[in-house]
Amino acid sequence: MAIGAKAVIGDGCILHPHATVGAGAVIGKDTEMHPNSVVYHGCKVGERCILHAGSVIGADGFGFEPTEDGYKKIAQIGIAVLEDDVEIGANTCVDRAVMGETIIHKGVKLDNLVQIAHNCEGNSHTVMSAQVGVAGSTKIGEWCMFGGQVGIAGHATIADRTMAGAQSGIPNSVKKPNQELMGTPAIDPRVWWKAQAVVKQLPDTRQTIMFSATMPDKIQKLAANILHDPVEVKLAVSKPAEKIVQTAYVCYETQKLGIIKSLFRESKPERVIVFSSS
């Protein structure tokens, strides 16, 4: 193990081989650091915490300024803080702040391979599964639950007790507490599952655009030029063409028959033109 100058190690701590505590860091009592876990200089870890192998507390946040010659590093002069009873999974990183603190509050549990960026705040008793990524300056509420590979955009605020399913993408703030989210961008799971049911019905290679009632010659020619091998079906009715309401339908191939049946059942269009393209 390696312990830097002026570091403080509390009573009852267990530091396994190759655990590293940087200069001026503080480790609370009864905390356990597994092999190759690292607490960088000046950072603070509370009591009864567990840092699994390869976890890193207080590495530099991802901050660079673009210049004509490349990227100039922005100094990360803040620290990272873990409060009491926090558990950090193997190879999980909590980056130090640009200024101030990146803080993980009491009772938070982070799985393996989680990334918490600079200046984030994770409030009490939130849990995150493997490969969750939280971008910089995002504030996570209490008792939140994130499934594997959830991604959260930077500078967002996530309300208390938000639950996000695996691989959800949260692009902005979640203001209402006690919500369940799924998908990218994350939405109500019931809406997401309905969308997935539609996706399964999408055709492999083509969709159909259908027009009913009268069609101006210019529109017919334009459609014929855009689409491949359009099919035209003409039907005779007694109504004058100018009195027929024109309606456009956009649908998938699997929906075409149902729309045609509906047209004949509900009305008698003078002309139905069906354009199919691959």
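Keep in mind it's a predicted model, so treat the numbers as computed, not measured. Numbers given for residues are sequential positions, taken from 1 along each chain in its written order. For a predicted model such as this one, the threshold for reporting local features is a pLDDT of at least 70, and the threshold for listing and counting side-chain atom pairs is 80 or more; totals across whole chains, interfaces and linings nevertheless cover every residue. Side-chain measures were taken over the full set of non-hydrogen atoms in the model, leaving aside hydrogen atoms and water.

Asks: Where do I start with the sheet that holds strand E7 (residues 38-39) in this structure?
Replies: As a general point, the strands of a sheet are linked pairwise by backbone hydrogen bonds and lie either parallel or antiparallel. Strands qualify as paired when DSSP identifies two bridges or more between them. What counts as a helix is a DSSP run of H or I of at least four residues, what counts as a strand is a run of E of at least two, and both are numbered from the N terminus. A sheet is described by the order of its strands in space; here nine strands give the open sequence E1-E4-E7-E10-E15-E18-E21-E24-E27, paired in parallel fashion. Both edges of this open sheet fall to strand E1 (2-3) and strand E27 (169-170), since each of them pairs with a single strand only. Two strands pair when backbone bridges link them, and strand E4 (residues 20-21) and E7 are joined in this way by two bridges, in the parallel orientation. Directly across from Val21, in E7, lies its bridge partner Val39.

Asks: Teacher, can you tell me more about the environment of Ala156 here?
Replies: With respect to the element layout, Ala156 can be found in the loop between strand E24 (151-152) and strand E25 (157-158). The spatial distance from the C-alpha of Ala156 to the C-alpha of Ser137 is 7.3 Å, given a sequence separation of 19 residues. Note on contacts: a residue pair qualifies if any of its non-hydrogen atoms lie within 4.5 Å across the two residues. Excluding anything up to four places from it in sequence, Ala156 contacts Ser137, Thr138, Lys139, Asn172 and Ser173.

Asks: Before we go on, may I ask you to explain the pattern of salt bridges in this structure?
Replies: Any two side chains of opposite charge can pair, on the condition that their charged atoms come close. Think of a salt bridge as a Lys or Arg side-chain nitrogen and an Asp or Glu carboxyl oxygen that are within 4 Å of each other. A full pass over the atoms with the stated rule returns four salt bridges. Notably, a salt bridge pairs Lys73 with Asp60, separated by 3.1 Å at the nearest N-O pair. Taken together, the residues Lys73 in strand E12 (residues 70-73) and Asp60 in the loop between strand E10 (56-57) and strand E11 (64-67) connect sequence positions 13 residues apart. The exposure class assigned to Lys73 is partly exposed, which follows from its relative accessible area of 45%. Assessed through its relative accessible area of 36%, Asp60 is described here as partly exposed. For Asp188, the salt bridge identified is with Arg190, shortest N-O distance 2.8 Å. Throughout this description, buried means an accessible area under 20% of the type-specific maximum (1.4 Å probe, protein chains only), exposed means over 50%, and partly exposed covers the range between. By relative accessible area, Arg190 is classed as exposed at 62%. In the salt-bridge network here, residues are joined through shared partners; they are Glu47, Arg48 and Asp85.

Asks: Explanation requested: the packing of aromatic side chains in the structure shown.
Replies: Two measures describe an aromatic ring pair: the distance that separates the ring centres and the angle between the ring planes. Pairing of aromatic side chains here covers Phe, Tyr and the six-membered ring of Trp, requires ring centres within 6.5 Å, and sorts the geometry by plane angle: under 30 degrees stacked, over 60 edge-to-face, intermediate tilted. Per the counting criterion, the structure on display carries two aromatic pairs. Their ring planes at 70° and their centres at 5.2 Å tell us that Phe62 and Phe64 sit as a pair that is edge-to-face. With relative accessibility at 36%, the residue Phe64 sits in the partly exposed group. Arranged with centres 4.7 Å apart and planes meeting at 80°, the rings of Trp192 and Trp193 form a pair that is edge-to-face. Its relative accessible area of 52% is what places Trp193 among the exposed residues.

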